[in-house]
Amino acid sequence: MPEALQNTAFVYDNSLAAMAFLACGEIERARSIGDALIVAGGKDRFYTDGRLRNAYRAGPITETPVLPGWWDDRSKVWAEDEYQVSTASGNVAWAALALLQLHEKTREAKYLEAAERLAIWLDQLRGDDLSPGVAGGYYGFEPKAVRIAWKSTEHNIDILAVARWLSMISENPRWERLAENTLQFVTSMRDDKSGFLIGTDLTGNAVHSTDLWLDVQIWPFLVVPKSRRPAKWADTIGLMDAKLAVPGGYDFNGDRDGLWIEGTAQAALLFQQEGEQKRASELIASILENVDPQSGLLYATSGPPLSTGLTVGAMGQGGAFMYQHWPHLGATAWAVMAAMDFNPFRPN
């Protein structure tokens, strides 16, 4: 495993883990992750606006959160990964969702307050731009991190979930406005032939591609209940089956070069929520054939490296982003939530 991953705890994966623990009634284990997220958002080494980095050093909570890194013996310097020290708006939203789930279970005000702080940061990320959608976040090392101009459908689905949740439990009209804004963006990204598009480019134009990405097709249905879904969202599951299905489940994208365990678990949860228990059970049985015997975690893929059609860096640079046949916390957490019929986007 690369040095950049050996001591790294990604905010997205750990937020999922917190919710998987909640799904199993392991409140204290979920609380330890939530408390770490609160510390990380309040004591950054540079920023004072409450944002979270994409990753932190794995291990116990310390007074000041530590970013992951490693000693580069060749260059004789302490090295850090540019993506890990950056901030993606979707990852901030996932942390907020984990905190909201913790508040739902514990009723401790600190979790709701921390989730609201993250939501305020996300809302402010819209800036003076009145167009629908929240931008991608910030990329790069401080103090020269640059604002990401493109907008991700996936990120805006996450933010929509946070805003809808807060609007249900708060009288602050800010959250209803944010929910309307992000819902408008997500719906505008729905193409009749291509399903939900990946988002916009740097100029604000929708990215039309012959490819299709699985999670962006699934998540809107987990966020918005049937009674409130726009009519143009119809037949998304049909598109998934037609363009992304592989033996045992689904691929990450339309090249169908393998089984994506995390996404297949997401599909299993979707079918659970939609009342299709037989399909959900079949997918769960399939992914449970891919457990690492040493860690007990699910692998990210069922075999060879899985392509995504995306790059490693948030600004289009770097090599191809691939999923490897390695134990994967995110995949495991999604599988737990699917088995327990636990929706991370809404109160359970």
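About the criteria used
- Residues numbered from 1 in each chain as written.
- Predicted model: local features only at pLDDT ≥ 70, side-chain atom pairs only at ≥ 80, totals over all residues.
- Heavy atoms only, no water.
- Helix = DSSP H or I, 4+ residues; strand = E, 2+ residues; numbered from the N terminus.
- Rg over C-alpha atoms; globule rule 2.2 N^0.38 Å.
- Buried < 20%, exposed > 50% of the residue type's maximum accessible area, 1.4 Å probe, protein only.
- Expected span 1.5 Å × (residues − 1).
- Contact = heavy atoms within 4.5 Å.
- Pairing = 2+ DSSP bridges.
- Polar contact = N/O pair within 3.5 Å; in protein donor to acceptor, adjacent residues only side chain to side chain.
- Axes fitted to C-alpha atoms, helices over the stretch in contact; angles between N-to-C directions.
- Parallel < 35°, antiparallel > 145°, perpendicular 65-115°, else oblique.
- Phe/Tyr/Trp six-rings, centres within 6.5 Å; stacked < 30°, edge-to-face > 60°.
- Lys NZ or Arg CZ within 6 Å of the ring centre and 35° of its normal.
- Left-handed = near helix turned anticlockwise from the far one by under 90°.
- Nonpolar A, V, L, I, M, F, W, Y, C, P; charged D, E, K, R; others polar.

Novice: Please provide a residue-by-residue account of the overall build of the protein, values included.
Specialist: Along the protein, the regular secondary structure elements total twelve helices and 13 strands. Against the 2.2 N^0.38 benchmark of 20 Å for 348 residues, the protein shows a C-alpha radius of gyration of 19 Å, consistent with a compact globule. C-alpha extents for the protein along the principal axes are approximately 50 × 50 × 45 Å. In the protein, which comprises 348 residues, the proportion classed as buried is 52%.

Novice: Got a sec to walk through helix 2 (residues 27–42)? Specific residues and values, please.
Specialist: With 16 residues, helix 2 extends 22 Å between its outermost C-alpha atoms, agreeing within 8% with the 22 Å of an ideal straight helix rising 1.5 Å per residue. Taken together, the buried positions of helix 2 are occupied by Ala30, Arg31, Ile33, Gly34, Leu37, Ala40 and Gly41. Elements that come into contact with the buried residues of helix 2 comprise helix 1 (11–23), strand 2 (55–57), helix 4 (89–106) and helix 5 (109–124).

Novice: Please provide a residue-by-residue account of the sheet that holds strand 7 (residues 146–148), values included.
Specialist: Read from one edge of the open sheet, three strands run 5-6-7, paired in antiparallel fashion. Among the strands making up the open sheet, the edge pair consists of strand 5 (87–88) and strand 7. Relative to strand 6 (residues 137–139), strand 5 is paired through two bridges, and the arrangement is antiparallel. Following the sheet pairing, Ala88 is matched in strand 6 by Gly137.

Novice: A description of the side chain of Asn253 should follow, citing residues and the corresponding values.
Specialist: Mapping Asn253 onto the fold places it in the loop between strand 11 (249–250) and helix 10 (261–273). At a separation of 3.0 Å, a polar atom in the side chain of Asn253 contacts the side chain of Asp211. Within the structure, Asn253 has its side chain in polar contact with the backbone oxygen of Thr308 (distance 3.2 Å). Those residues in contact with Asn253 that lie beyond four places of it in its chain are Asp211, Leu212, Trp213, Leu244, Ser307, Thr308 and Gly309.

Novice: So what's going on with the packing of helix 6 (residues 153–169) against helix 8 (residues 214–223)? Residues and values would help.
Specialist: Where helix 6 contacts helix 8, the two axes come as close as 9 Å, and the packing angle between them is 10 degrees. Classified by the angle between their axes, helix 6 and helix 8 sit roughly parallel to one another. Seen from helix 6, the contacting residues are Thr153, Glu154, Ile157, Asp158, Leu160, Ala161 and Arg164; seen from helix 8, they are Asp215, Val216, Trp219, Pro220 and Val223.

Novice: Requested: an account of the side chain of Ser15, with residues and values cited.
Specialist: Mapped onto the elements, Ser15 comes out in helix 1. Here the side chain of Ser15 touches Val11 through a polar contact of 2.8 Å, landing on its backbone oxygen. Those residues in contact with Ser15 that lie beyond four places of it in its chain are Leu37, Trp94, Ala95 and Ala98.

Novice: Explain the packing of aromatic side chains to me, using residue names and the numbers behind them.
Specialist: Scanning all chains against the criterion turns up 14 aromatic pairs. Between Trp94 and Phe345, the aromatic rings sit 4.9 Å apart at their centres with planes inclined by 55 degrees, giving tilted as the arrangement. Within this pair, whereas Trp94 is found in helix 4, its partner Phe345 is found in the segment after helix 12 (329–339), the two being separated by 251 residues in sequence. Grouping residues by exposure puts Trp94 and Phe345 together as buried. Every member of this aromatic cluster is reached through a ring pair, and the members are Tyr12, Trp94, Trp219, Trp334 and Phe345. The ring of Tyr138 carries Arg51 above its face, with NZ or CZ at 4.6 Å from the centroid. One cation-aromatic arrangement involves Arg190 over Phe196; the distance from NZ or CZ to the ring centre is 5.6 Å.

Novice: Which residues make up the packing of helix 6 against helix 7 (residues 173–188), and what values go with them?
Specialist: For the pair helix 6 and helix 7, interaxial distance at closest approach is 8 Å and the crossing angle is 150 degrees. When the interaxial angle is binned, helix 6 and helix 7 end up roughly antiparallel. In the packing of helix 6 onto helix 7, the handedness of the crossing is left-handed. Residues Thr153, Asn156, Ile157, Ile159, Leu160, Ala163, Arg164, Leu166 and Ser167 of helix 6 touch helix 7, and the partners they reach there are Trp175, Glu176, Leu178, Ala179, Thr182, Leu183, Phe185 and Val186. Residues that form the contact of helix 6 with helix 7 fall into these classes: eleven nonpolar, four polar and two charged.

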